[in-house]
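This is what each chain is made of:
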Amino acid sequence: MDGLNSVLFKDIDEPGLNTIAVFQRRGGYEMLRRALTMEPAAVLDEMLASGVRGRGGAGFAMGRKMSFIPKGTMDKYLVCNADESEPGTFKDRELMQKNPHQLIEGIIIGAYCIGANKAFIYIRGEYVHQADVLDAAVKEAYAAGFLGQRILGSEHSLDLVVHRGAGAYICGEETALLDSLEGKRGNPRLKPPFPAVQGLYQGPTLINNVETLMNVPYILRVGGAEYAKVGTETSTGTKLISISGQVKKPGNYEIVLGTKVRDILFELAGGPHDGQTFKAFFPGGSSSPVLPLSDDVLELPYDFDSIAKAGSMLGSGAIIVFDERTSIVDVCYKTAHFYRHESCGKCSPCREGTNWTEKMLKRIKLGEATPMDLDIMASVQEQIMGNCLCVLGDAMAMPVSSMIKNFRPEFEAYIEAARERNGLGAATVQVNRGRNAGPGPMLVPAGQEPTALAY
Amino acid sequence: MAIDPSTVRRYAHGSRVPGWDEAADLDKDPASIPDPATTPVPAHVRAEIERYMASYPDLRSAAIPSLMVVQREHGWLSPQAIEQAACVMRLTPAYLTAVATFYDMFELAPKGRFDVFVCTNISCSILGADEIYRAIGEATADDPQFNVRPFECLGACEIGPMASVDGEYVGPLTGDDVLRLIEDLKAGRPVLEDKQLRRRKAASDHWRENA
């Protein structure tokens, strides 16, 4: 396949790549030297020309994000978001473990570009080995003069601290990450002001994902315009995708954006287990709406816009596939359970919505539910979306409502079978009176006009 | 002070019985910073916490690393552990408790010394992680040395079903690995050496070699 493992994953398993000696032999830190001879604005121009979009999930153009950082002499910060906790995502882990110096080089260049003198890598606490690797690499970089005061004789100084989290998905959200980094509970903040204006310690802050920052030295090497030639017009460059679930060859692969979904699932990932057929997949981590694997979907190019047009999102590039053996209700329950557990509790729609969705799914699994519960659940999702400070609630609402929409017959069959098991018999046919009907019991058989009961 | 979750009384439907959060000692001022004269802190713990405090523009940023230090020293975040961290950082124990209760990796009740976190999220569970978790739980049920917890996605879905054993990622786990994992831990050996994630190559190479 074209462009497979061609940039960030090129020779990633070379022995000793995590040491500065091997990294420099491969041309590492050369781009830092070149960047320091350029004006920061010229570095920014290369990033803008490359069109590289953030690899963390939101897909916002990195160069534009950098250009939002105000000029001036105030304390500015660069934060590398390595709190990779989205279910199904594990690309940053492999990058940091095997090639930590390229991340450090990207951070130094990025910090030079925006004029930050203090940078942090916020790595999730579970990545013990990776954080140790980064700590050792940072120490080497200090010893070699790439970090600290007056880097390589230039005017630029930078301190880099590896900060370990302690296990909270929400800290991957940029403002929650900043709160956590300031030593508080990781609650998201109201936006605006955006972190680019008022972020860490109230200073302008640039927050980027590991993979995005690791692309920076490569973009400088080939030039922004050259970088933009790879991939599609609006999704430039290569992207690491993490494939997991019921496939033969799960793992991280680097592809050119725009590769067909069919090629990814059947060539790279080796197809389904023997004798199975694919049922559906999450195209971009557990927060993305589930797409059934029809022929149309298999023909889609895997890039930001095509996946969005198909009704889902590319997110962090984490593909979770499941085959016909897996019940959609189990997947839905696991998804809801995760977000219920990880909701920080600051906004009610998310705190209550995730909680009740999980409880209703539990009800379905225990065989106490009726088909009406599906409508209630779907309406709960609608009321979460767009009503919170951050998108954690939406991240549950989107996949759950997509599963109810795409697999409603399976949900209904599951409910019937579970009721049967439970000795409750078939549920009475009921209709939902719709979201505008107001409070009242929804216990009217199909075909009859519902009348609200007075309490 | 930290409330031991196992002692909180609950109704059958899961809500806590009113009064669960009432202070045990109403005379105590919750906002006092521990007095260094009466709160002994081991020198190496103090040095480590102070080193963290120095590396941030705001010393409160060192809250998570410092709590990790005292948790490692005490085995869990006991009231004494939090007081020691609070004493060095000149913060109230209440502030640090608020931080500690937010994050999954802080243990607010005594626990065993072997941490086994089994991922039970989507990718792992569709490959049988729930059975693995149950098997490990049953095999270690009467050994207080083990702290077996179901965990949300640990970020190693390619080796699902997987577990983090004292920070070491191992997988893909099968039913046969459960006893081996427990024996390795008890004997102090590296856990499941052939299944450690850190030895695994990138997917393209791994599958070429293990076709």
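Bear in mind that the values here come from a model prediction, so they are computed numbers and not experimental data.

Parameters and conventions
- Residues numbered from 1 in each chain as written.
- Chains lettered and ligands numbered in written order.
- Predicted model: local features only at pLDDT ≥ 70, side-chain atom pairs only at ≥ 80, totals over all residues.
- Axes fitted to C-alpha atoms, helices over the stretch in contact; angles between N-to-C directions.
- Helix = DSSP H or I, 4+ residues; strand = E, 2+ residues; numbered from the N terminus.
- Parallel < 35°, antiparallel > 145°, perpendicular 65-115°, else oblique.
- Left-handed = near helix turned anticlockwise from the far one by under 90°.
- Contact = placed C-beta atoms within 7 Å.
- Nonpolar A, V, L, I, M, F, W, Y, C, P; charged D, E, K, R; others polar.
- Buried ≥ 20, exposed ≤ 12 C-beta atoms within 10 Å, placed from the backbone.
- Pairing = 2+ DSSP bridges.
- Domains from an automatic or database assignment.

A few words on the packing of helix α1 (residues 43-54) of chain B against helix α3 (residues 79-89) of chain B. Residue and element names in this part refer to chain B. Where α1 meets α3, the axes come as close as 10 Å, and the angle between the chain directions of the two elements is 55 degrees. Taken as axis vectors, α1 and α3 run oblique relative to one another. Classified by chirality, the crossing of α3 by α1 is right-handed. In this structure, α1 uses Val 45, Arg 46, Ile 49, Glu 50 and Met 53 to contact α3, whose residues at the interface are Gln 84, Ala 85, Val 88 and Met 89. A per-class count over the contact of α1 with α3 returns 6 nonpolar, 1 polar and 2 charged.

All names here are of chain A. The element strand β1 (residues 77-82) is extensively covered by neighbouring structure, given that 6 of its 6 residues are classed as buried. Burial along β1 is two-sided: the residues Tyr 77, Val 79 and Asn 81 and Leu 78, Cys 80 and Ala 82 are all buried. Here 6 bridges tie β1 to strand β2 (residues 118-123), and the two strands are oriented parallel to one another. Bridged to Tyr 77 within β2 is Lys 118. Direction of pairing for β1 relative to strand β4 (residues 205-209): parallel, over a ladder of 5 bridges. Note that in β4 the partner of Tyr 77 across the bridge is Thr 205.

Counting buried positions over the 5 residues of β4 of chain A gives 5, a clear majority of the element. Side-chain alternation along β4 of chain A places Thr 205, Ile 207 and Asn 209 of chain A on one buried face and Leu 206 and Asn 208 of chain A on a second face that is also buried.

Residues and elements named next belong to chain A. Domain boundaries assigned for chain A yield domain 1 (20-227), domain 2 (238-320) and domain 3 (328-421). Each of domain 1 and domain 2 has a C-alpha centre, and these two points are 27 Å apart. Taken together, the contact between domain 1 and domain 2 spans 13 residues of the former and 16 residues of the latter. Here the side of domain 1 that touches domain 2 is built from residues that sort into 2 nonpolar, 5 polar and 6 charged.

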